[in-house]
Amino acid sequence: MELSNYADVIKKLATLYYEPDFNRLLEQLTEGETKSTRFLIKMEVKRLSVPTRRILDFRQRVNSDVIGYECDGILHHMTPTEIKLLETLLGQHQGHYTLGIYEQVLAYHQSERSKPAAERDVAVMDPAAPFTVEPVQYASYFIRNEERMHYSSGIKLRFGDRLVDAMTSDISTSGIKVKIEKDHNIAAGSLISVNFFSLRQEYANHLLRDFFAYKLMGVDEEDKFDYLRLMRIDDNNELNVFISKLIAQNKSKYKVNVRYQEENVVVKGYEQFFLPRMSGLPLYVANDDKPVLSHLLVNENNRGVYDYWVNEESKSQLEACWQTPWMQALLQAKQRIETTIYSFYYSQNGRLFFYAADAFSLAKSGSKALFLSFACQRPNFRVFKLSLNPSVFDEKKHLLAAESQQPLGTRTIEALQHIRWVGLLQDITNENILNDYKAYTQQGSDFNQLHQYRLPVAKQSAVLSQFKFVQLRKEARFSYKTAIIASNSERSMKGWSNDFSTEGLQIELEEPLDVQIGHRIYLELPMLQKLSKKVALVDLPYSVVGCNKANTVLHLQIAGDKDNHIGCQFFNLLISSNKDKLKSMPEPSQSPGVTAVLRNMYCHNLATVPLYIHKVNNSYQVDRIGISQNKNSLLPLFELFGQPEAPYNLYPLFADSSIKQVFDEALSSLESTYRPWQQVLYITVAASDSEVNTRFEKDFSDDHERRQFISHSLQKGAFFAIQLMLSRTGRPDMEYIEKELNYVSHYAVHRAQKLEDELWSVRGVVDLIDVSEELLYRLGLRRMR
């Protein structure tokens, strides 16, 4: 038998070979053929679908622009046109590189080679093409939480004065996918009435005589037919019951569409990689008349943002910011807010006094130079970016998965209903910021003029919750400020602790201490010494395991054997036996229901742009970007080189290949328990020709060169300054997505395995923070209008 007569059928079946219902599809596409013909077709499809490692290397065969292309660990050498063909075929075959694909590309190459040079296909590779990334739509699972079944049944569509016959492709209570002839001329957004006449004939249900209201959400175009995606917009409960029973009764007969649950696994899985490692602190502000900070959501990376504001009584002064005139004035706008908050504190008679102001109020009052001249001289001077979005609590969305965690009481839900703003507070302080603000130093200024910015002592009322995540730390930390004296071989420096555990501390010094990671220092704890007369809390040896660039904040770990370390023994005894003497700040709420609601609300209002790094063979690839319904100032940058089918492109970030190399090297040296690696990257995109120029802030030789780069960038086109926060991920939190993954596995085990493999290949997340406006404010520069 000549199989060439069945080439189109074989090609179609080859793309369906890895589907679980392949045999049924084979029978449908070869209906009317003899058993022997069907057997030969199946054998040919099986041959073409065998995975292969064959290399496509055309370097010696052509004189055109052959380039290297690595795919699944195999290095091919082909023309750009052949690379595009290979990528298309891989997409059609679910990423499997098969013998059939190899033969198709080889046949195409030989066909082109036999043509005269003038007639050959020539493709020019877009330099941005390799940098497309697939979006992860945060919080999108709220509309993907119901079963959908492949079900073919005749329906009638009525729109305007037309009545058209069509067929359902799949069905759920909230929508249907409809197969229709291509000449339908129905635009997205149209309202359509649907009558299920075939179901009425089969089930003799009087309900199905009616037409039901749907809205056309989009059109998927195929070669011969179009598929309309319709969403139900009526609230007929009887139809809900009927469709639910229809799906339940026919699960074993028809294939359940698991695509939406697959997307749920992807979205929730990627969220769970990023949220526990994000560096910003989610904030929730309640009430209309007099807004107050009502809830906060902490993790290991952002806990330091909260701890910074804790005073000597272990109370957070962050809440006091909402009692200030400048914060209340900001919130009167009732629209999205982005501003910079500057803060510092000083100690007097054993008390800490906090000062804080935002960029708008400082500029408006004329106190900018005065405030910053004092602030930049303090070792605890911090610069924060504050983002706030108006938000309304929605029980249908935000309680999703919360009630299953733990039933919420009436008072708890009422408190959540009062939330009006969801935001993020990010510490963007770095060495360049500190150096730049030192230019504001003034002589002879009166510090008393800054009393208007001193924060009152706040009431401790905000609910502190913690992300559910795979625990990274091996022991608990306790936030506590107490006096310390740190010494190395050259000098001693006074300071205070920010937190401690049995095996380590974080300390903050009044002035920089010349130390590096790995150096040993010795601590004295004069105030804690009063709690113990049995041991001397002096000359306690610790190793530096982390520090900020100013060398004023040090992360310490005990040096030597913990069984014989006096500090370790003391803190162990202190924690286990003297908790009543510790003025510890409120611990995170243990209500998983509240945490789930706060998590859901923040996912709707994502304030930064997360990127995901996968380990593919022996290299790292950045191929996922997190987005939400919330606008973000960085997304337009990544849309500049996007295409309709792939709207997000990281070419502005990685146009200079050395940037990617820096990422790879940093990630290789990180551990999942380390604090994030961070750098600031400047990006310019010329308005005239879209030329991209990037520089790390640390790579400028001096301040003049840096200012010149920024000034030229503002004149040429778009300028961005982005703070990169890179964290290494650990294992995925499979428990969090267990329900959805089990559902997918039940109906398509190979797809569930593919999803698991994808999540296990994630090695890092990058938190992208737009710090452009703070930089321009700091340097006194303005964008061109």
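Residues numbered from 1 in each chain as written. Predicted model: local features only at pLDDT ≥ 70, side-chain atom pairs only at ≥ 80, totals over all residues. Heavy atoms only, no water.

**Quick notes on the overall build of the protein**
The condition that has to hold: Here a helix means four or more residues in a row that DSSP labels H or I, a strand means two or more in a row labelled E, and each is numbered from the N terminus. Categorising residues by exposure relies on relative accessible area from a 1.4 Å probe, with only protein chains included: less than 20% of the type maximum marks a residue as buried, more than 50% marks it as exposed, and the intermediate range marks it as partly exposed. The contact criterion used throughout is that any non-hydrogen atoms of two residues lie within 4.5 Å. Using a 1.4 Å probe, the Shrake-Rupley method yields the accessible areas, and only the shown protein chains count as cover for residues.
Check the secondary structure of the protein and you find 25 helices and 31 strands. Counting over 785 residues, the protein shows a buried share of 51%. Put simply, of all contacts in the protein between residues at least 6 apart along the chain, 69% involve residues at least 24 apart. Here the protein has roughly 37800 Å² of accessible surface; of this, 48% comes from carbon and sulfur atoms.

**Describing the side chain of Arg728**
As a reminder of what qualifies: Pairing of N or O atoms within 3.5 Å defines a polar contact, subject to two protein rules: one partner must be a possible hydrogen donor and the other a possible acceptor, and residues neighboring in sequence count only if both atoms are side-chain atoms.
With respect to the helices and strands, the residue Arg728 is situated in strand β30 (residues 717-728). Of note is the side chain of Arg728, whose polar atom sits 2.8 Å from the backbone oxygen of Leu667. Each residue touching Arg728, except ones within four places of it in the same chain, is listed here: Arg277, Tyr620, Leu667, Ser668, Leu670, Glu671, Ser672, Arg763 and Gly764.

**A short note on the pairing of strand β21 (residues 492-501)**
For the record, the criterion: For two strands to be treated as a pair, DSSP must find at least two bridges joining them.
Where burial is concerned, most of β21 is hidden: 8 out of the 10 residues are buried. Pairing between strand β20 (residues 483-487) and β21: 5 bridges, direction antiparallel. Paired with Ser487 across the strands is Ser492, a residue of β21. Hairpin remark: β20 followed by β21, antiparallel, with 4 residues in the connecting loop. The sheet contact formed by β21 and strand β22 (residues 504-509) spans 6 bridges and is antiparallel. What sits directly across from Ser501, in β22, is Gly504. Where β21 folds back onto β22 in an antiparallel hairpin, the turn is made up of 2 residues.

**Some words on the pattern of salt bridges**
Cut-off, in case you're wondering: Basic side-chain nitrogens of Lys or Arg form a salt bridge, by our definition, when they fall within 4 Å of a carboxyl oxygen of Asp or Glu.
All told, the structure shown has 26 salt bridges when counted by the stated rule. Note that Arg624 is salt-bridged to Glu134, the shortest N-O span being 3.7 Å. Pair noted here: Arg624 is in strand β27 (residues 619-627) and Glu134 is in strand β3 (residues 134-137), with a separation of 490 residues, a long-range link. The residue Lys177 makes a salt bridge to Asp220 at a minimum N-O spacing of 3.5 Å. Note that Lys177 is positioned in strand β7 (residues 175-181) and Asp220 in strand β9 (residues 212-221), a separation of 43 residues in sequence. Asp220 sits in the partly exposed class, given a relative accessible area of 26%. Residues participating in the shared-partner salt-bridge network are Asp436, Glu697, Asp703, Arg706, Arg707, Glu774 and Arg778.

**What to know about the sheet that holds strand β12 (residues 281-286)**
Operational definition: Only C-alpha atoms enter the line fits that serve as axes; for helices the fit covers just the stretch in contact. Angles between N-to-C directions range over 0 to 180 degrees.
The strand order across the open sheet formed by 7 strands is β15-β14-β16-β17-β12-β13-β18, and the pairing between neighbours is mixed. On the outer flanks of this sheet lie β15 (351-358) and β18 (463-466), each paired with one strand and no other. Averaged over all adjacent pairs, the angle separating strand axes in this sheet is 25 degrees, with direction ignored. Taken together, the 4 bridges between β12 and strand β13 (residues 292-298) define a ladder with antiparallel strand orientation. Paired with Ala286 across the bridge in β13 is Val292.

**Regarding the sheet that holds strand β31 (residues 762-770)**
Pairing is mixed in the open sheet, where 7 strands are placed in the order β3-β27-β26-β31-β30-β28-β29. Looking at which strands have only one partner, the edges of the open sheet turn out to be β3 and β29 (692-696). When strand polarity is set aside, the average angle formed by the axes of neighbouring strands in this sheet is 30 degrees. As judged from the 5 bridges shared by strand β28 (residues 677-686) and β29, these two strands associate in the antiparallel manner. Looking at the pairing, Val685 lines up with Val692 of β29. Lying over the sheet, helix α22 (residues 703-716) contacts β28, β29 and β30, oriented at roughly 120 degrees with respect to β30.

**Some words on the environment of Glu511**
Of note, Glu511 is situated in the loop between β22 and β23 (520-524). Glu511 gets classed as partly exposed once you look at its relative accessible area, which sits at 42%. The sequence separation of Glu511 and Arg378 amounts to 133 residues, and the corresponding C-alpha distance is 8.6 Å. If we ignore the near neighbours within four places in the chain, the residues touching Glu511 are Arg491, Met493, Asn551 and Thr552.

**Focus: the packing of aromatic side chains**
The relative placement of two aromatic rings is captured by the distance of their centres and the angle of their planes. Convention followed: Under the pairing criterion, centres of Phe, Tyr and Trp rings, with the six-membered ring standing for Trp, must be within 6.5 Å; the plane angle then separates stacked pairs below 30 degrees from edge-to-face pairs above 60, leaving the rest tilted.
Taken as a whole and assessed by the stated rule, the structure comprises 33 aromatic pairs. Where Phe131 meets Phe654, the ring centres are 6.5 Å apart and the plane angle is 25 degrees; that geometry is what we call stacked. Remark: Phe654 occurs in helix α20 (residues 651-654) and Phe131 occurs in the loop between α5 (99-114) and β3; sequence separation between them is 523 residues. In textbook terms, an aromatic cluster arises when at least three aromatic residues are bridged by ring pairs, as seen for Phe131, Phe641, Tyr651, Phe654, Phe663 and Trp677.

**Re the side chain of Arg706**
Counting through the fold element by element, Arg706 comes out in helix α22. When its relative accessible area of 3% is taken as the criterion, Arg706 is described as buried. A polar atom in the side chain of Arg706 sits 2.6 Å from the side chain of Asp436. For Arg706, the contacting residues outside a window of four places in its chain are Asn432, Asp436, Tyr682, Glu697, Phe700, Leu775, Arg778 and Leu779.

**Thoughts on the packing of helix α2 (residues 22-29) against helix α3 (residues 35-48)**
The condition is simple: By the definition adopted for this analysis, an angle is roughly parallel if under 35 degrees, roughly antiparallel if over 145, roughly perpendicular if from 65 to 115, and oblique otherwise. Two helices cross in a left-handed way if the nearer one is turned anticlockwise from the farther one by less than a right angle. They cross in a right-handed way if the turn is clockwise. Classes in brief: Ala, Val, Leu, Ile, Met, Phe, Trp, Tyr, Cys and Pro nonpolar; Asp, Glu, Lys and Arg charged; the others, Gly included, polar.
Closest axis-to-axis distance for the α2/α3 pair is 11 Å, and the angle between their directions is 130 degrees. On the basis of their axis angle, the class for α2 and α3 is oblique. Crossing handedness for the pair α2 and α3: right-handed. Judged by residue contacts, Phe22, Asn23, Leu26 and Glu27 of α2 engage Arg38, Ile41, Lys42 and Val45 from α3. Residue composition of the contact of α2 with α3, by class: 4 nonpolar, 1 polar and 3 charged.

**Observations regarding unusual backbone geometry**
A positive phi angle is found at Gln94, which is not glycine, with a value near 55 degrees. Within the secondary structure, Gln94 sits in the loop between α4 (80-92) and α5. The backbone of Ser690 sits at a positive phi, close to 60 degrees, despite the residue not being glycine. Using a relative accessible area of 37% as the deciding quantity, one classes Ser690 as partly exposed.

**Side note on a nonpolar patch on the surface**
Here is the rule we go by: For patch detection, residues must exceed 30% relative accessible area and be free of salt bridges, and they are connected within 9 Å for like charges or within 5 Å for nonpolar side chains (Val, Leu, Ile, Met, Phe, Trp, Tyr).
A cluster of nonpolar side chains, Leu191, Met217, Met231 and Ile233, forms an exposed patch at the surface whose accessible area comes to about 370 Å². With respect to the element layout, Leu191 can be found in strand β8 (residues 191-195).

**Comments concerning the environment of Leu598**
Turning to its location among the elements, Leu598 is positioned in helix α18 (residues 592-604). For Leu598, a relative accessible area of 0% corresponds to the buried category. Sequence spacing of Leu598 and Pro282 is 316 residues, and the spatial spacing of their C-alpha atoms is 8.7 Å. Setting aside its immediate chain neighbours within four residues, Leu598 contacts Tyr284, His295, Leu296, Leu297, Leu416, Ile419 and Ser465.

**Some words on α3**
What counts is decided by this rule: Helix span, as expected, comes to 1.5 Å for every residue beyond the first. To obtain the arc, one takes the directions from the helix axis to the C-beta atoms.
Between its first and last C-alpha atoms α3 spans 20 Å; for 14 residues at 1.5 Å apiece the expected length is 20 Å, and the two agree. All of the buried residues along α3 are Thr37, Ile41, Glu44, Val45 and Leu48. Buried residues along α3 cover an arc of 100 degrees about the axis, so they all sit on one side.

**Structural notes on α22**
When the terminal C-alpha atoms of α22 are compared, their 20 Å separation across 14 residues agrees well with the 20 Å that a helix rising 1.5 Å per residue should span. Of the residues making up α22, those classed as buried are Arg706, Phe709, Ile710, Ser713 and Leu714. The arc that holds every buried residue of α22, seen down its axis, measures 130 degrees, which confines them to one face. The outward face of α22, more than 90 degrees from its buried face, is lined by the exposed residues His704 and Gln715. Elements in contact with the buried residues of α22: α16 (431-437), β28, β29, β30 and α25 (772-779).

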